[in-house]
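Remarks on the overall topology
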Amino acid sequence: MYDLKELEAFVSVVKTGSLTASTRDLDLPKSTLSRRIRQLEEAVGQPLLLRQSKRIFPNDAGRVFYRYSNEILELVSQGHDALDELRAGVSGTLELCCHEAFVRGWFARMVERFRDQHAGLSVSVRTQRTTPEELVEGVCVWLGAPPEGNFRCELLGHLTQGVYGSRTYYSKHGCPESPADLDQHAWIDMLGADNAGVVLNHPVHGPYPIMPRAGRFSVDQYTVQGDAIAAGRGVGLIPHWLAEKRLQAHPEAFELCMADWQGPVLPVSMLYPHGMLPRRTRLFMQNVRSATPAQWKRQTLSGVSDAIVP
């Protein structure tokens, strides 16, 4: 019988084609990973991998053995899941963090429903304001470029952005009709997001770069940015999905301008630790996937494909 950790190491190396990538995938020292591969080849009685330049490939025996190794690991995982389902309930503390854009609305409601379903579960929720570097346990939902760190990153979808302003602001300063008009308007952005400029995209006219201007007002929370725009302090880029949620509660808060121009697309990701996860974490991850709004998963701009959720 083969050692499961050795099979896991072998499967990871075949998938990544690199010992270095697999050390990150499995969170193992390279020496440990190499030893497990060597021990597995000794147990099988023949080499399984070919090393060419900087890549690693399975040989003929490795390709055959890879298929069965995958099936063995999948059966073991299914066995763990089946045994977990026999337990009386979910317990312990579920550690969660979420980007501030979602934590007060969609995420909070989802956590409350999940908590109501599992009476023996304690939940800790933290607002994530900066890019996480490491996740020891739990789950984090992040908005923006997928961060790099000691965790797995699963894409949930995308948010598109548009330029919004309030009716009060438009009545006093006019409504911008093109990106060239924005030089004449106060700009409200997320802190640091527009320092290097922003590119607006049009389906016909293509990209149009704009640069930060004098008098811009930068904040570090989307709720504060929305408040400032609703108060008539200027115009700014807001994810359409967040704007729609706010307008459902406050229909007069602000209005979209330059409807055909869109800002950068923002990915939404779910981050979680490497390795075998507690049942409470796996169940919550399933809950996140099922609760992900369909709007996030649709194709949003030309050249941006649908988000595929495993």
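Analysis parameters
- Residues numbered from 1 in each chain as written.
- Predicted model: local features only at pLDDT ≥ 70, side-chain atom pairs only at ≥ 80, totals over all residues.
- Heavy atoms only, no water.
- Helix = DSSP H or I, 4+ residues; strand = E, 2+ residues; numbered from the N terminus.
- Expected span 1.5 Å × (residues − 1).
- Buried < 20%, exposed > 50% of the residue type's maximum accessible area, 1.4 Å probe, protein only.
- Polar contact = N/O pair within 3.5 Å; in protein donor to acceptor, adjacent residues only side chain to side chain.
- Pairing = 2+ DSSP bridges.
- Contact = heavy atoms within 4.5 Å.
- Lys, Arg positive; Asp, Glu negative; His and termini not counted.
- Salt bridge = Lys/Arg side-chain N within 4 Å of Asp/Glu carboxyl O.
- pLDDT = per-residue confidence, 0-100.

1. What to know about helix H1 (residues 4-16)
- Between its first and last C-alpha atoms H1 spans 18 Å; for 13 residues at 1.5 Å apiece the expected length is 18 Å, and the two agree.
- Of all the positions in H1, only Glu6, Leu7, Ala9, Phe10, Val11, Ser12, Val13 and Val14 are classed as buried.
- Two or three places before Lys5, at the start of H1, stands the capping residue Asp3, its side-chain oxygen 2.8 Å from that residue's backbone nitrogen.
- Looking one or two places after H1, you find Gly17, whose phi comes out positive at around 70 degrees.

2. Considerations on the pairing of strand S1 (residues 49-52)
- With 4 bridges joining them, S1 and strand S2 (residues 55-58) adopt antiparallel strand pairing. From the neighbouring strand, Arg51 faces S2, where its bridge partner is Ile56.
- Where S1 hands over to S2, the hairpin turn is made up of 2 residues, of which Ser53 adopts a positive phi near 55 degrees.

3. Examining the environment of Phe114
- Tracing the backbone through its elements, the reader meets Phe114 in helix H6 (residues 106-117).
- The exposure class assigned to Phe114 is buried, which follows from its relative accessible area of 3%.
- When the C-alpha atoms of Phe114 and Asn287 are compared, they prove to be 7.7 Å apart, with 173 residues separating the residues in sequence.
- The contact partners of Phe114, leaving out residues within four places of it in the chain, are Leu94, Leu121, Arg280, Leu283, Phe284 and Asn287.

4. Quick look at the side chain of Glu41
- Tracing the chain through its elements places Glu41 in helix H3 (residues 30-44).
- The side chain of Glu41 sits in the buried core without any salt bridge; Arg51 is the nearest counter-charge, 4.9 Å away.

5. Observations concerning the confidence of the model for the protein chain
- Taken residue by residue, the protein chain gives an average pLDDT of 86. The fraction at 70 or more is 91%.
- Taken together, the stretch residues 299-310 has pLDDT below 50 and engages in 30 contacts with residues farther than four places along the chain or on a different chain.

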